[in-house]
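# Structural description and commentary
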Amino acid sequence: MEGGMRVLVVDDEPLARDNVRHLLAREPDVSAIRECEGGQEAVELILREPPDLVFLDVQMPELDGFGVVREVGPERMPPVIFVTAFDRYAVRAFEVNALDYLLKPFSDARFQEALGRARKQRAMGRDRGMLERLSALLSDYRFHAEAPPPSAPPDGYLERIAVKTDGKVLLLPVSELDWCEAEGNYVVLHAGGKSPMLRETLNRVEQLLDPKCFVRVHRSTLVNVNRIRELEPDVDKGWVVVLRDGTRLRLSPGRKSAVEALLRQSF
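To start, this report covers the structure provided alongside it. The model shown is predicted, which means the values in this text are computed figures rather than measured ones.

Thresholds applied
Every chain is numbered on its own, with residues counted from 1 as its sequence reads. Only residues with pLDDT of at least 70 get local features here, since the model is predicted, and only at 80 or more are side-chain atom pairs given and counted; chain-wide, interface and lining totals rely on the full set of residues. The side-chain quantities take in all heavy atoms of the structure and omit both hydrogens and water. Only rings of Phe, Tyr and Trp enter the pairing, Trp through its six-membered ring, and a pair is recorded when the two centres are within 6.5 Å. The plane angle decides the type: under 30 degrees is stacked, over 60 is edge-to-face, the rest tilted. The helix and strand labels rest on DSSP assignments: H or I over at least four residues marks a helix, E over at least two residues marks a strand, and numbering proceeds from the N terminus. Note on exposure labels: buried denotes an accessible area under 20% of the residue type's maximum, exposed denotes more than 50%, and partly exposed covers the range between, all computed with a 1.4 Å probe on protein chains only. For a ring to carry a charge above it, either NZ of a lysine or CZ of an arginine must fall within 6 Å of the ring centroid while also lying within 35 degrees of the normal to the ring plane. Under the convention used throughout, the expected extent of a helix is 1.5 Å for every residue step, that is, one less than its residue count. It is the directions from the helix axis to the C-beta atoms whose arc is reported. Between any two strands, pairing holds if DSSP finds at least two bridges. By convention, orient the strands away from the viewer: a clockwise path from the first strand over the helix to the second makes the crossover right-handed.

### Quick word on the packing of aromatic side chains
- A complete count under the given rule lists three aromatic pairs for this structure.
- Considering the side-chain rings of Phe-55 and Phe-111, the 5.4 Å spacing of their centres and the 10° angle between planes classify their relative orientation as stacked. One end of the pair, Phe-55, is in strand S3 (residues 53-57); the other, Phe-111, is in helix H5 (residues 108-124), with 56 residues separating them in the sequence.
- A relative accessible area of 0% means that Phe-111 is categorised as buried.
- Here the aromatic residues Phe-55, Phe-106 and Phe-111 are joined through ring pairs into a cluster of three or more.
- The ring of Trp-239 carries Lys-256 above its face, with NZ or CZ at 4.4 Å from the centroid.

Below is the structure:
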C-alpha cells in the first residue's frame, strides 16, 4: 500500500491527544495526524475522510469509544487502538482483539508495539478477522448498554486509577483512596495530601470500586470504610462520618444503617 499512514487521535483530554501526537510525529511513515475531542466529531470525520488508523479513547462524554464503533459500523471502521485509563476496559478490548489497546499511562515501548501491529495490519489489508472482532465488540457494547448498570463490573474491581495531575499521569492505587466527592463533571479523589480530579461520574466510580471497601455516605460522597474512625452526632441532630485524619463528612440519614452494617463487617 502506497503513501504514508493517516492517523486520527480521538480523546476529550488535550494532554492525552498531545502525548499520542508527539509520539506519532517521530514516525517517518505517518504522513498525517488529525485530532478529535469528541465521539460524534470522530464519527463524522471517519465517514468523510477515513484514516488508516484510529487511536480511540474509551471514556468520553456524550458518545464514548464503543459508541463511535457503533455509529460508524464495523464494516467501515478503520483499524482501532483503544486507549483507556481503566483496566477493565483494557481487558475487554484485548479479549475482542480490536487490533490493540493502550492502558494509560503507557510507555514508549508499549506504544511502539501497538503501532507495529497497526503497520502489519495495514500491510496485510483489512481482513475478515478484524471485521468479526469489531462486530463482536459492538455486540458486547449493545448488551451492556441495554442492560441495567451492574452492581459490580464483570471483570473485577479496580486496583488502581490513572489520573492526570500537574501535567503528569498519576497511577493511584485504590487502596490509598481516603474518600471521593462529586464536583460537577468530575470526581475528586482524596488520597493522603493529594486531591487529583477524574473526569467521571461518582456513580460510575462507585460501580468500579469494591462495595465491601467503599460506601456511599452522601449522594456526592464515597468513603473508604477502612478510613472511618467513628460516626458522630451532629449539631442539627444528624450524623457525620469522622475519618482517621480528622476529616468530617456529612452522613445522609437514609444511609446510616448501611454504613453501620458495613463497618460491623470490617471489624
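### Some words on H5
- Taking 1.5 Å as the rise per residue, H5 with 17 residues should run 24 Å; its terminal C-alpha atoms sit 24 Å apart, in good agreement.
- What H5 keeps buried is the set Phe-111, Ala-114, Leu-115, Ala-118, Gln-121 and Arg-122. Down the axis of H5, the smallest arc covering the buried residues is 110°, so these residues share one side. Of the exposed residues in H5, those oriented more than 90 degrees away from the buried face are Ala-109, Lys-120, Ala-123 and Met-124.

### Digging into the sheet that holds strand S8 (residues 179-183)
- Strand order in the open sheet made by the five strands is S10-S9-S8-S12-S11, with antiparallel pairing throughout. Strand pairing shows two members of the sheet lacking a second neighbour, strand S10 (197-198) and strand S11 (214-218), which therefore form its edges.
- Where S8 and strand S12 (residues 221-224) come together, three bridges link them in antiparallel fashion. The partner of Trp-179 across the bridge, within S12, is Val-223.

### Points about the pairing of strand S2 (residues 30-36)
- Note that strand S1 (residues 5-10) and S2 share six bridges and pair parallel. Of the residues in S2, the one forming a bridge with Val-9 is Glu-35.
- Taken together, S1, helix H1 (residues 14-24) and S2 constitute a β-α-β crossover, and its handedness is right-handed.

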